[in-house]
Amino acid sequence: NPNLEDEIDLKQIFYALQRNKKLIVKFSLTLLILSGFIAFNTKRVWQGEFQIVLESDKSISSASVNPAIKSLVGISTEDNSLKTEVGILKSPSVLMNVFKFFKNEKALKNTSINTLKFKAWKNDALDIQLEKGTSILNIAFRDSDKDLILPVLNKISASYQTYSGRRRLRGIELGVDYYKEQIAIYKSKSVESSKKAQQFAIDQDLSVLKGESEIDREIPNAINIEILRVEAANQIKFLDQQIEEIENLKDDPSQLMYTASTIPTLDEPSLKLQMIDSRLERFRLSFRENDKKIQELQQERDFLIDLVKRQVKGYLIAQRSEAQSRLIATERPPGTLIKYKMLLGEATKDKTILNDLENKYRALLLEKARNEDPWELITTPTLLPYPVAPQRKKILALGLIGGIFLGSAASLVLEKSKDIVFSINEMESAGKWPLLAELTGNKKEFWQESLDLLESGPFSQIEGKIALLSIGEIDGEKLTQISESLNKLTYTHEIKIVKELGEAAKFPNLIIITGLGITRKQELIRIRKKLLLQRTSILGLITLT
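Summary of the structure given here. Within each chain, residues carry numbers counting from 1 in the order of the written sequence. Two thresholds apply to this predicted model, a pLDDT of at least 70 for residue-level local features and 80 or more for giving and counting side-chain atom pairs, whereas whole-chain, interface and lining totals are computed over all residues. As a convention, hydrogens and water are excluded, and side-chain values are obtained from all of the structure's heavy atoms.

**Focus on the packing of aromatic side chains**
- Stacked, tilted and edge-to-face pairs are distinguished by plane angle, under 30 degrees for stacked and over 60 for edge-to-face with tilted covering the rest, among Phe, Tyr and Trp rings (Trp via its six-membered ring) whose centres lie within 6.5 Å. Summed over the entire model, instances satisfying the criterion amount to seven aromatic pairs.
- Taken together, a centroid distance of 5.3 Å and an interplanar angle of 45° make the contact between F99 and W121 tilted. Taken together, the positions of F99 in helix α5 (residues 92-108) and W121 in helix α6 (residues 118-125) put the pair 22 residues apart, joining distant regions of the chain. Exposure class is identical for F99 and W121. Each is buried.
- Taken together, F99, F102, F118, W121 and F141 form an aromatic cluster joined through their ring pairs.
- For the cation-ring pair, K146 lies above W46, with the distance from its terminal atom to the ring centre recorded as 4.3 Å. Secondary structure is summarised from DSSP: a helix means a run of H or I of at least four residues, a strand means a run of E of at least two, and numbering begins at the N terminus for each. Between buried and exposed lies partly exposed: a residue is buried under 20% and exposed over 50% of the maximum accessible area for its type, with that area taken using a 1.4 Å probe on protein chains only. In this scheme, the term charge over a ring applies when either NZ of a lysine or CZ of an arginine sits within 6 Å of the ring centre and within 35 degrees of the ring normal.

Following this line, the structure appears as structure tokens:
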């Protein structure tokens, strides 16, 4: 049963430790005294700490500032910016003045640390960690000089707050320099592109087409000469059609009157013609068609229609001549308008970019003028009431535990080196002999029950003499008592104690007698091998415990 073997092994380890408890106590006391010496002779280390909030650059992260500019001035928008920030806060660029202050204070107290390097000081004395899931930075400083803790922490706090403002201003200054440079570039480009467009318009006589003499407005309107040309051509066609209709006009003067009514200078003839038509209608109700009054009015009406017709036709011909002039004026060499539009677009684009740069530059100057609070201290620098090192109780406990462990290990090693058998199982495993009896105690009256079983068991199945071979340093008196007790139990077998293997070989039957704690394992194995060569019948093993 593996579980049983494990349990027995644990018991044997416990018994081994118990047998060597003095050795374990010596080790424990030695290490306890040594750890106590270390604990009470090591300088005490004091610690102070504070917390600070690492705020993002709100002043440069507003919507008025282009994200590309934030990247330009070194403001990261990634989640790992806090980790980068912490790395900077641990660097010599921020903490070197604190390190120098620390060394100077130590020198004033006659403490020589000239060989101390910044990196070693930072790793040993400082603990700067970002609290998980937040932008809160925990700063702790430890040193053996209690009076130096708070001054150093205050120095670190001041350095961090100075850095927060310096970093903001540095970012803004970089942005200002960038905008200054770009504004100068685009101001020159805008002026140059406007001049080119204006000069081209003057050379090609383009601006006068819509009565505009300035082309360098903030957002210039492109003159679409194609539209003007098409409008003029369409007007000519319309006027030609109206002239043709006037020429083909016969009895019905309504179209002529409508056209004349649209011409301001022909209002009077149109009204007079309407009055004549009204009088004719009244006279026809009372007189015949050949009546003198009707004939006179009809002649006057025909004359007036002919007059209006000539005037309308003359007006339409004049309008057509004007449209023809505009059509001729809009004609330009191929590609002239396209080039002009490109020049106007370039000037507009440069002006737009310049305006945008100037607006952002003004916004950045306002940010520079605004004062911003430094990073917020959640807790002020505080000295812990108790030293953080050395932890005397812990050192003493570790010394005691280490002493017990080393003492136990030394005990087990000692037991192993002695090679003494202390368990029945180990005894049986080494000799490969069956256990006949386990005799406990020093008096033979305690053995009677175990020896009685031998008579009814193994002895009943054998013939001849029996030799008792003792292995180990067994007391001779005990061997005699065992021999006498066995002889009293049996009258058919002669039992004799022997000490040598050669003498034991003369007996047909052999019983091995050993004792726990006095027999070596290798001795049992050696004797077992020799007995195998002699082919002696070995009944079994009697063990004294």
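**Focus: the sheet that holds strand β9 (residues 537-544)**
- Two strands make a pair as long as DSSP finds a minimum of two bridges between them. Taking strand neighbours across the sheet as the criterion, the five strands line up as β5-β9-β8-β6-β7 in an open arrangement whose pairing is parallel. Each edge of the open sheet is held by one strand with a lone partner, namely β5 (435-439) and β7 (495-498). Neighbour-to-neighbour, the strand axes of this sheet turn through a mean angle of 25°, independent of strand direction.
- As paired elements, strand β6 (residues 466-470) and strand β8 (residues 509-515) share five bridges and run parallel to each other. Looking across to β8, one finds that L469 is bridged to I512. For helices, the fitted line uses only the C-alpha atoms of the stretch in contact; every axis is such a line through C-alpha atoms, and the angle between N-to-C directions lies from 0 to 180 degrees.

**Considering the environment of T543**
- Within the fold, T543 resides in strand β9.
- Separated by 29 residues in sequence, T543 and T514 have C-alpha atoms that sit 5.0 Å apart.
- Not counting the four nearest positions on each side in its chain, T543 is found in contact with I424, M427, L435, A437, E438, L439, T514 and L516. Every residue pair with non-hydrogen atoms within 4.5 Å of one another is taken to be in contact.

**A closer look at the nonpolar core**
- Note on terminology: a nonpolar core comprises buried Ala, Val, Leu, Ile, Met, Phe, Trp, Tyr and Cys residues joined through side-chain atoms within 4.5 Å. If you look at the biggest cluster of nonpolar residues, it comprises 27 residues, and the most contacted ones within it are W121, L137, F141, I156 and Y160.
- Top contributing element to this core by residue count: helix α7 (residues 149-204), with six residues.
- Discounting chain neighbours no more than four positions away, the residues touching I156 are F50, L95, V98, L126 and I139.
- Ranked by size, the runner-up nonpolar core spans 20 residues in total, among them F459, I466, L468 and L539.

**Describing the side chain of E358**
- Positionally, E358 belongs in helix α12 (residues 336-369).
- With residues near it in sequence (within four places) discarded, E358 still touches I183 and K187.

**Details of the pairing of β9**
- Along β9, six of the eight residues are buried, which leaves the element largely enclosed by surrounding structure.
- Across four bridges, the pairing between β5 and β9 is parallel. Within β9, the position partnered with L435 by the bridge is L541.
- For β8 and β9, the ladder comprises seven bridges, and the chain directions are parallel. By the bridge assignment, I512 is partnered in β9 with L541.

**A word on the side chain of S193**
- Among the structural elements, S193 can be located in helix α7.
- S193 sits in the buried class, given a relative accessible area of 6%.
- Throughout this description, a polar contact denotes any pair of N or O atoms lying within 3.5 Å of each other; where both atoms belong to protein, one of them has to be capable of donating a hydrogen while the other can accept it, and for residues adjacent in sequence the pair is counted only when both atoms sit in side chains. Of the polar contacts made by the side chain of S193, one reaches the side chain of D350; its length is 3.2 Å.
- Discounting chain neighbours no more than four positions away, the residues touching S193 are L343, E346, A347 and D350.

**Digging into a nonpolar patch on the surface**
- Side chains of L10, I13 and L412 sit close together on the surface and give an oily, nonpolar patch of about 260 Å² of accessible area.
- In this fold, L412 is placed in helix α13 (residues 392-418). Patch membership is restricted to residues that have no salt bridge and whose relative accessible area is over 30%. Joining uses 9 Å for like charges and 5 Å for the nonpolar side chains Val, Leu, Ile, Met, Phe, Trp and Tyr. Values of accessible area rely on a 1.4 Å probe in the Shrake-Rupley scheme; residue burial ignores everything except the protein chains shown. Salt bridges, as used here, are contacts in which a Lys or Arg side-chain nitrogen is within 4 Å of a carboxyl oxygen on Asp or Glu.

**Let's talk about the pairing of strand β2 (residues 126-130)**
- Bridge analysis of β2 against strand β3 (residues 136-143) gives five bridges, and the strand direction is antiparallel. Its bridge partner being in β3, L130 is matched across the sheet by L137.
- Hairpin remark: β2 followed by β3, antiparallel, with five residues in the connecting loop; positive phi at G133, about 75°.

**Description of the environment of R310**
- Looking at where R310 falls in the secondary structure, it is placed in helix α11 (residues 292-329).
- Take R310: its relative accessible area is 48%, and that puts it in the partly exposed class.
- For the pair formed by R310 and E247, sequence separation is 63 residues and the distance between their alpha carbons is 9.3 Å.

**Side note on α13**
- Each residue after the first adds 1.5 Å to the expected span of a helix. Over its 27 residues, α13 extends 38 Å from the first C-alpha to the last, a length consistent with the 39 Å expected when each residue adds 1.5 Å.
- Burial in α13 covers these residues: G399, G403, G407, S408, S411 and E415.
- Of the residues flanking the end of α13, it is D419, one or two places downstream, whose phi is positive at about 60°.

**A short note on the pattern of salt bridges**
- Within the structure shown, the criterion is met by six salt bridges.
- When the shortest N-O distance is used, the salt bridge between R320 and D240 registers 2.3 Å. Of this pair, R320 sits in helix α11 while D240 sits in helix α8 (residues 225-247), and the two are 80 residues apart along the sequence.

**Brief notes about the packing of helix α14 (residues 424-431) against helix α18 (residues 521-534)**
- Direction vectors running N to C along α14 and α18 enclose 35°, while the axes themselves pass 8 Å from each other. Taken together, the residues of α18 that come into contact with α14 (itself represented by E426, M427, A430 and G431) are K521, L524, I525 and R528.
- Three classes are used, and their members are as follows: Ala, Val, Leu, Ile, Met, Phe, Trp, Tyr, Cys and Pro are nonpolar, Asp, Glu, Lys and Arg are charged, and the others, Gly among them, are polar. Here the contact of α14 with α18 is built from residues that sort into four nonpolar, one polar and three charged.

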